[in-house]
Amino acid sequence: MRDAHAINLSWLLRLRWGAVVAQAVLILGAHFALEMPLPLVPLFTTIGVAVLSNAALGMWSRRPRAVHEWLLWGVMALDVVLLTVLLAFSGGPFNPFSTLYLVHIALAAVVLRARWTWTLVALGLGCFGALFVRHLWMPGADAHAAHHHMDAVRLHLEGMWAAFGLAAAVIVYFVQRVTRALAEREAELEAARAVTARNEKLAALATLAAGAAHELSTPLSTIAVVARELERRGELTPESREDAQLIRQQVSRCRDILVQMAADAGASHGEAFVPLAPGTLLDGVLEGLKGRERVRVALQGPAAEPMSVPARALTHALRGVVKNALQASPEGAPVQVVLLRQEAHWRLRVEDSGAGMAAEVLARVGEPFFTTKPQGEGMGLGLFLARALLDQLGGTLEVRSVPGQGTQVELTWPARALRQFDPLSSGPSGASLLEPGA
């Protein structure tokens, strides 16, 4: 928003310079060309205030500074007051240029939030109403006749004031509504771009894992065979034989990692949706986890109601989140896992007892291959893959963390209808909906 306010201020300064030139031309043209003797000194003094304020703002904005919304409002409010002074010295409500109040209102509706805009509307109504109380008559008009004319058309002028208020309200309402709709649309497009980018990363990860598994299978097999032959040699010392066994174990671990990467990257691709009880899901999530005795599980809601999900993919995604919480928590510290049924969603909340994350780390959480774990304890894919799967199902993943107070991860997915996506494409595959129990 700072950048947006700075851009708006720069444009506002340019518009004010244009307004100063236009006002000077109109006043001089009416005074000399139309032979309407105007009070030039107060009029040009008012314009001089606008020139000085604009020059001061221009010099102030040359340095990189934070531009706040109240500053924009203050500039527009000053313009409304200056316009009122100009009108007061040139006919008041009889001056046809009183409609210029609407220009300021419309401009405020575009660049300011609603509360600031409505405040400017109130100021404009007050200033326009003040012109009925005190102003100079149009040059050349007879004062007595003007007063009589004022009494005759007062109802019309008061109607003009009410019409101005109505027009200002309508302009503000519709401009703010259109601006809000455009902002919401831009947010939707940004979210769609983020999903597309994650799907592209997921596809690239699947391709990378498959290619790596294919390319490394032969050298890994060769290393395993050589290590096995070394173990069988009788002249090896016990220490060398242990080294050979360790090589075989690490080769096997490398194979498992490659297979798991390939499986994770395409976990929900083509997997059928099956009814799964919440308790069964939680049991599957905790199965085989080191330190599962530290997990405190709570199930809130109808425990017997099944959910229709890709069981393997969802179980693996949730297991990765719980595993992260166990690794982040000190030895012996508990991890809270709460699964609750809401009206339209299932929500799983995982809270660890760790040290929390700094803001710069939290901003990168969920990026593929980004991890703060020690080498060998993770590849930084757990949250990325979990978020990708939930995006495909129509759910969300949120991470909240405060340094020194642990981390909380909330995962949600629809309770009644799940979208099935092809993770290797940028959008829904057929946009099909699978109902629970289908």
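Residues numbered from 1 in each chain as written. Predicted model: local features only at pLDDT ≥ 70, side-chain atom pairs only at ≥ 80, totals over all residues. Heavy atoms only, no water.

Enquirer: Can you help me understand the layout of surface pockets in this one?
Expert: One way to see where empty space is left: roll a probe the size of a water molecule over the atoms. Estimates place the volume of the second largest pocket at around 780 Å³. No other element matches the ten residues that helix H1 (residues 2-33) contributes to the lining of the second largest pocket. Broken down by class, the residue content of the lining of the second largest pocket amounts to 26 nonpolar, five polar and two charged. (1 Å grid on protein atoms, 1.4 Å probe; cavity = no way out; pocket = protein on both sides within 12 Å on 5 of 7 lines; lining within 4 Å. Points joined across faces, edges and corners; volume = space filled by probe spheres on them. Helix = DSSP H or I, 4+ residues; strand = E, 2+ residues; numbered from the N terminus. Nonpolar A, V, L, I, M, F, W, Y, C, P; charged D, E, K, R; others polar.)

Enquirer: So what exactly am I meant to see when it comes to the sheet that holds strand S4 (residues 335-341) here?
Expert: The strands making up a sheet associate through backbone hydrogen bonding, with each pair oriented either parallel or antiparallel. Across the sheet, which stays open at both edges, the five strands sit in the order S2-S4-S5-S7-S6 with mixed pairing between neighbours. Looking at strand neighbours, the two that pair on one side only are strand S2 (295-300) and strand S6 (396-401), the edges of this open sheet. The average undirected angle you get between the axes of adjacent strands in this sheet is 15°. Strand direction decides the pairing type here: strand S5 (residues 345-351) and strand S7 (residues 407-414), joined by seven bridges, are antiparallel. Bridge pairing in S7 places Glu 351 opposite Gln 408. Packing of helix H9 (residues 311-328) onto the sheet brings it into contact with S2, S4, S5 and S7, and relative to S7 it is tilted by some 170°. Sitting on the sheet, helix H11 (residues 382-393) touches S6 and S7, and the angle it makes with S6 is about 140°. (Pairing = 2+ DSSP bridges. Axes fitted to C-alpha atoms, helices over the stretch in contact; angles between N-to-C directions. Contact = heavy atoms within 4.5 Å.)

Enquirer: It is not clear to me how the environment of Thr 237 should be interpreted in this structure. Could you clarify?
Expert: For Thr 237, the location among the structural elements is in the loop between helix H6 (143-232) and helix H7 (238-265). A distance of 3.0 Å separates the side chain of Thr 237 from the side chain of Ser 240, its partner in a polar contact. (Polar contact = N/O pair within 3.5 Å; in protein donor to acceptor, adjacent residues only side chain to side chain.)

Enquirer: Help me out: how do you make sense of the packing of aromatic side chains in this one?
Expert: Geometry of an aromatic ring pair is reported as the spacing of the ring centres plus the angle between the planes. Taken as a whole and judged by the stated rule, the model has six aromatic pairs. Between Trp 73 and Trp 116, the aromatic rings sit 5.9 Å apart at their centres with planes inclined by 50°, giving tilted as the arrangement. On the criterion of sequence distance, the pair formed by Trp 73 in helix H3 (residues 69-88) and Trp 116 in helix H5 (residues 114-133) is long-range, its members being 43 residues apart. According to the relative accessible area criterion, Trp 73 is partly exposed, its value standing at 21%. An aromatic cluster is built from Tyr 101, Phe 128, Phe 132 and Phe 164, whose rings are joined through pairwise contacts. The ring of Trp 11 carries the charged tip of Arg 14 above its face, separated from the ring centre by 4.7 Å. (Phe/Tyr/Trp six-rings, centres within 6.5 Å; stacked < 30°, edge-to-face > 60°. Buried < 20%, exposed > 50% of the residue type's maximum accessible area, 1.4 Å probe, protein only. Lys NZ or Arg CZ within 6 Å of the ring centre and 35° of its normal.)

Enquirer: Mind showing me how you'd approach unusual backbone geometry here?
Expert: Positive phi, close to 55°, is recorded for Glu 35, a residue that is not glycine. By the element assignment, Glu 35 lies in the loop between H1 and helix H2 (40-60).

Enquirer: So what exactly am I meant to see when it comes to H2 here?
Expert: Because an α-helix completes one turn every 3.6 residues, residues spaced three or four positions apart along the sequence face the same direction. Given a rise of 1.5 Å per residue, 21 residues ought to cover 30 Å, and the 30 Å separating the end C-alpha atoms of H2 matches this to within 8%. Restricting attention to buried positions, one finds in H2 the residues Leu 43, Thr 46, Ile 47, Ala 50, Ser 53, Asn 54, Leu 57 and Gly 58. Buried residues in H2, looked at end-on, bunch into an arc of 140°, giving them a common side. Opposite the buried face of H2, by more than 90 degrees, sit the exposed residues Val 41, Leu 52 and Met 59. (Expected span 1.5 Å × (residues − 1). Arc of directions from axis to C-beta.)

Enquirer: Honestly, the UniProt feature "transmembrane region" (unreviewed entry) in the protein in this entry has me stumped. Any pointers?
Expert: As recorded in UniProt, the feature "transmembrane region" (unreviewed entry) lies at residues 12-34, 40-58, 70-89, 95-112, 119-137 and 157-175. Across residues 12-34, helical content stands at 96% and strand content at 0%; the span's end C-alpha atoms are separated by 31 Å. Taken end to end, residues 70-89 is 95% helix and 0% strand, and its two terminal C-alpha atoms sit 29 Å from one another. (UniProt positions renumbered as here; feature names shortened; annotations may be inferred.)

Enquirer: How should the packing of H3 against helix H4 (residues 101-111) be read in this particular structure?
Expert: Relative placement of two packed helices is described by the angle separating their axes and the distance separating the axes. Where H3 meets H4, the axes come as close as 10 Å, and the angle between the chain directions of the two elements is 175°. Looking at the two axes, H3 sits roughly antiparallel to H4. From H3, Glu 69, Met 76, Asp 79, Val 80, Leu 83, Thr 84 and Leu 87 reach across to H4, where they touch Tyr 101, His 104, Leu 107, Ala 108 and Val 111. Of the residues in the contact of H3 with H4, the class split is eight nonpolar, two polar and two charged. (Parallel < 35°, antiparallel > 145°, perpendicular 65-115°, else oblique.)

Enquirer: Can you help me understand the nonpolar core in this one?
Expert: For soluble globular proteins, the rule of thumb is that nonpolar side chains tend to be buried together. Core analysis: the biggest nonpolar cluster contains 38 residues, and Val 322, Leu 348, Leu 411 and Trp 413 have the highest contact counts within it. Among the secondary structure elements, those contributing two or more residues to this core are helix H8 (278-286), strand S3 (307-309), H9, S4, S5, H11, S6 and S7. (Core = buried A, V, L, I, M, F, W, Y, C linked by side-chain atoms within 4.5 Å.)

Enquirer: I would appreciate a short explanation of the pairing of S6 in the present structure.
Expert: Regular strands show a simple pattern: their side chains alternate between the two faces of the sheet. On S6, burial follows the alternation: Leu 397, Val 399 and Ser 401 on one face are buried, whereas Thr 396, Glu 398 and Arg 400 on the facing-out side are not. Sheet topology places S6 next to S7; six bridges connect them, and they run antiparallel. The residue bridging Ser 401 from the neighbouring strand is Thr 407, located in S7. The turn linking S6 back onto S7 is made up of five residues, and Gly 404 within it adopts a positive phi angle of 85°.

Enquirer: For this particular structure, what's the right way to read the pattern of salt bridges?
Expert: Pairing between side chains of opposite charge can happen when their charged atoms approach one another. Applying the stated criterion to the full structure yields eleven salt bridges. Connected through salt bridges with shared partners, the residues Arg 347, Glu 398, Arg 400 and Glu 410 form a single ionic network. (Salt bridge = Lys/Arg side-chain N within 4 Å of Asp/Glu carboxyl O.)

Enquirer: Mind showing me how you'd approach the pairing of S4 here?
Expert: Counting buried positions along S4 gives six out of seven residues, so the element sits mostly inside the fold. Pairing analysis gives six bridges linking S2 to S4, with the strands arranged parallel. In the sheet register, Gln 300 faces S4, and the bridge partner there is Leu 340. Sheet topology note: the S4/S5 ladder contains six bridges and is antiparallel.

Enquirer: Would you explain the confidence of the model for the protein in this entry?
Expert: Note that predicted coordinates carrying low pLDDT should not be read in detail. When pLDDT is averaged along the protein, the result is 79, and 79% of the positions lie at 70 or above. Model confidence for the protein, summarised as mean pLDDT per element, is weakest for strand S9 (residues 428-434) at 34 and strongest for H2 at 94. (pLDDT = per-residue confidence, 0-100.)

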